[in-house]
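Residues per chain are reported as follows:
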Amino acid sequence: MATKTDVLIIGGGSIGLNAAYYLLKAGRHVTIVESKKVAAGSSSGNAGHIVPSHIVPLAAPGIIGTALKWLLKPETSPFGLRVSVDPAYLSWLLQFALACSEANVQRGIPPLKALGLLSAQNFSKLMAEERFDCFYREEGMIFLYQTASALAGGQHEAEILHKHGLLAEVLSAEAVRAAEPAARPEILGGVRFPGDASINPGHFLSLLAQRVRARGATIYEDTPVMRLESSGNKIVRVTTASEVFEPEVVVLAAGAWSPVVARGLGFSLPIQPARGYSLTMRAPKLMPRNSLLLGERRVAVTPMGDLLRFTGRLELSALDTTVSAKRIAGIERAVREYLVIDEKLDVIEKWAGLRPTTPDGLPVIGFSPRHQNLLLATGHAMLGLSLGPGTGQVVAELTTGRQPSIDLTPLRIERFN
Ligand SMILES: Cc1cc2nc3c(=O)[nH]c(=O)nc-3n(C[C@H](O)[C@H](O)[C@H](O)COP(=O)(O)OP(=O)(O)OC[C@H]3O[C@@H](n4cnc5c(N)ncnc54)[C@H](O)[C@@H]3O)c2cc1C
């Protein structure tokens, strides 16, 4: 017999769990169907940076030239791409190239800023209300630079933030060393983003999963959605190997796997997986004090209580989360260029995850034009942790017929038509 539910969420990562949390608060009955374990996709091993300062989309002028330069030095490149003649991939690359424009940046900043600020506020409220113990720190983030040209890029980003009313403080070499004693003497300067925060994402999401269960959600793990059946312009049935659901609303929050699910309904989502890696270790003796981003190498460093995590690489890849020992070693080498840390690190986890990446660098949030009860909440790329609680809130608002707290027009899927 089919199970009825108000809202069925496909995917138990950052977006699915946050959506469940805010839907339950709005009084909806929620079921999550997750093909593996909650937060097993791309949400647990990420850098844990909550970055309302991140308002410039990935698809921006100059990024293609920078990426090509990086590719000429594969040993240190923070970027990689697969060679494939898959038409969806080639079409995505073309759309990305076309989106790398000032117009895309100007179009992308308002929604990224609005969703980033809403999310940051929601993180604060959620932590105060739920008292989760997951190393949440509202202490900002510092970008470190070794070269004058990269520092100039950081200063330019700070100016963009000022223009949009956000805080960013350019730091001299001395100010960097005062703020971050682990910084090597070669660091030329930095930029501090005081409005940013950090968290242990795996701890956060497992606590969030416990909380949504306690509030009445049912979570099916190891249960991939196999089939969605529609009738007219509505999804009427969602089938897994063991269950059949008849939901009022379906939320597609399957991250990098969202296009696979959408294909079953006969439409394509322009989302490609961008793989990245992390290594997590027990706190070294020389522990960095701050959440950091190492500018030229694009490596993130996040202290998480008694753990420290390094994160890096963006590889346009297949749906493959194999960990590359070579890339992990490259990330560790990059950290040593910027920070003084212990010679031997006590690494406890090596991880790979997939960022669900759209060609214009913005997420997709809104009802599908083809299926009136299918709500798309995906494509958050490098910001799916940071934008989780804001996305959760607007998903709940859309589902309950309320006016969304922010303008979601620029995030609708129709922009790709
Ligand atoms: C190296 C790295 C560092 C990052 N650092 C940060 C950071 O510091 N800050 C930040 O904000 N973001 C960061 N990100 C990005 C962030 O991790 C992602 O944007 C985020 O995890 C996406 O969340 P999601 O819920 O959309 O997808 P996921 O977390 O991937 O969740 C989707 C879930 O759907 C499930 N699923 C797939 N198919 C099906 C199916 N058929 N049926 C049921 N379930 C299915 C998957 O198993 C998965 O659990 C980073 C990413 C990487 C790789």
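Everything discussed here concerns the structure shown above.
The structure presented is a predicted model; accordingly, all values stated were derived computationally and were not measured.

Draft legend 1. Broad picture of the environment of Glu343. Tracing the backbone shows Glu343 in the loop between α9 (325-338) and β17 (347-357). Between the C-alpha atom of Glu343 and that of Pro284, which follows or precedes it by 59 residues, the distance is 9.3 Å.

Draft legend 2. Fine view of the site of the ligand. By nearness alone, 35 residues border the ligand, and Glu34, Ser42, Ser43, Ala381 and Ser386 come closest of all. The contact in question runs from an oxygen atom of the ligand to an N or O atom on the backbone of Ser14, over 3.2 Å. A distance of 2.6 Å separates an oxygen atom of the ligand from a polar backbone atom of Ala381. Across the complex, the protein chains shield 96% of the 1,000 Å² of accessible surface that the ligand would expose by itself. Of the residues assigned to the shell around the ligand, the class counts are 16 nonpolar, 17 polar and two charged. For the shell around the ligand, the two domains that each supply at least three residues are domain 1 (3-44 + 203-270 + 361-416) and domain 2 (53-100 + 137-196 + 273-357).

Draft legend 3. Spatial organisation of a nonpolar patch on the surface. Taken together, the side chains of Ile64, Leu68, Leu71 and Leu81 make up a nonpolar region of the molecular surface, amounting to roughly 310 Å² of accessible area. At three residues, helix α2 (residues 63-71) tops the list of elements feeding residues into the nonpolar patch. Positionally, Leu68 belongs in helix α2.

Draft legend 4. Inspection of the side chain of Thr223 at higher detail. For Thr223, the location among the structural elements is in the loop between β9 (218-220) and β10 (225-231). Of note is the side chain of Thr223, whose polar atom sits 2.6 Å from the backbone oxygen of Glu221. When neighbours within four sequence positions are excluded, Thr223 is seen to be in contact with Val33, Glu34, Ser35 and Thr240.

Draft legend 5. Inspection of the pattern of salt bridges at higher detail. Taken as a whole and assessed by the stated rule, the structure comprises 24 salt bridges. For the salt bridge of Arg107 with Asp360, the shortest nitrogen-to-oxygen distance reads 2.9 Å. Within this pair, whereas Arg107 is found in helix α4 (residues 102-130), its partner Asp360 is found in the loop between β17 and β18 (364-367), the two being separated by 253 residues in sequence. Here Asp360 falls in the buried class, since its relative accessible area comes to 4%. Here Arg313 ties to Glu315 by a salt bridge, and the two come within 2.9 Å at their closest N and O atoms. Relative accessible area serves as the criterion here: at 9%, Arg313 is assigned to the buried category. On the accessibility criterion, Glu315 (7% relative accessible area) is buried. Here the salt bridges share partners, and the residues they tie into one network are Lys4, Arg227, Glu229, Arg237 and Glu246.

Draft legend 6. Focus on the packing of helix α1 (residues 14-25) against helix α10 (residues 388-399). Contact geometry for α1 and α10: axes closest at 7 Å, N-to-C directions at 50°. It follows that α1 is oblique to α10 by the angle criterion. You can see that α1 and α10 cross each other, and the crossing is right-handed. Where α1 abuts α10, its residues Ser14, Ile15, Asn18, Ala19, Tyr22 and Leu23 lie against Gly388, Pro389, Thr391, Gly392, Gln393, Val395, Ala396 and Thr399. Residues belonging to the contact of α1 with α10 are distributed by class as follows: seven nonpolar, seven polar and no charged.

Draft legend 7. Quick peek at the environment of Ser124. Along the polypeptide, Ser124 turns up in helix α4. Put simply, Ser124 and Tyr136 are 12 residues apart on the chain and 9.1 Å apart in space, counted from C-alpha to C-alpha. Filtering out sequence-adjacent residues up to four positions away, Ser124 remains in contact with Tyr136 and Glu138.

Draft legend 8. Quick peek at the pairing of strand β12 (residues 244-252). Bridging between strand β1 (residues 3-10) and β12 involves seven bridges; their strand directions are parallel. Residue Val7 lies in a different strand from β12, and its bridge partner there is Val249. Relative to β12, strand β11 (residues 234-240) runs antiparallel, the two being bridged by two bridges. Residue Val238 lies in a different strand from β12, and its bridge partner there is Phe245. Where β11 folds back onto β12 in an antiparallel hairpin, the turn is made up of three residues. In the sheet, β12 pairs with strand β19 (residues 374-378) via three bridges, with the strands oriented parallel. The residue of β19 that forms the bridge with Leu252 is Leu376.

The rules behind the values
Residues numbered from 1 in each chain as written. Predicted model: local features only at pLDDT ≥ 70, side-chain atom pairs only at ≥ 80, totals over all residues. Heavy atoms only, no water. Helix = DSSP H or I, 4+ residues; strand = E, 2+ residues; numbered from the N terminus. Near = heavy atom within 4 Å. Polar contact = N/O pair within 3.5 Å; in protein donor to acceptor, adjacent residues only side chain to side chain. Areas by Shrake-Rupley, 256 points an atom, 1.4 Å probe, with all protein chains shown as cover. Nonpolar A, V, L, I, M, F, W, Y, C, P; charged D, E, K, R; others polar. Domains from an automatic or database assignment. Patch = residues over 30% accessible without salt bridge, like charges linked within 9 Å, V, L, I, M, F, W, Y side chains within 5 Å. Salt bridge = Lys/Arg side-chain N within 4 Å of Asp/Glu carboxyl O. Contact = heavy atoms within 4.5 Å. Buried < 20%, exposed > 50% of the residue type's maximum accessible area, 1.4 Å probe, protein only. Axes fitted to C-alpha atoms, helices over the stretch in contact; angles between N-to-C directions. Parallel < 35°, antiparallel > 145°, perpendicular 65-115°, else oblique. Left-handed = near helix turned anticlockwise from the far one by under 90°. Pairing = 2+ DSSP bridges.

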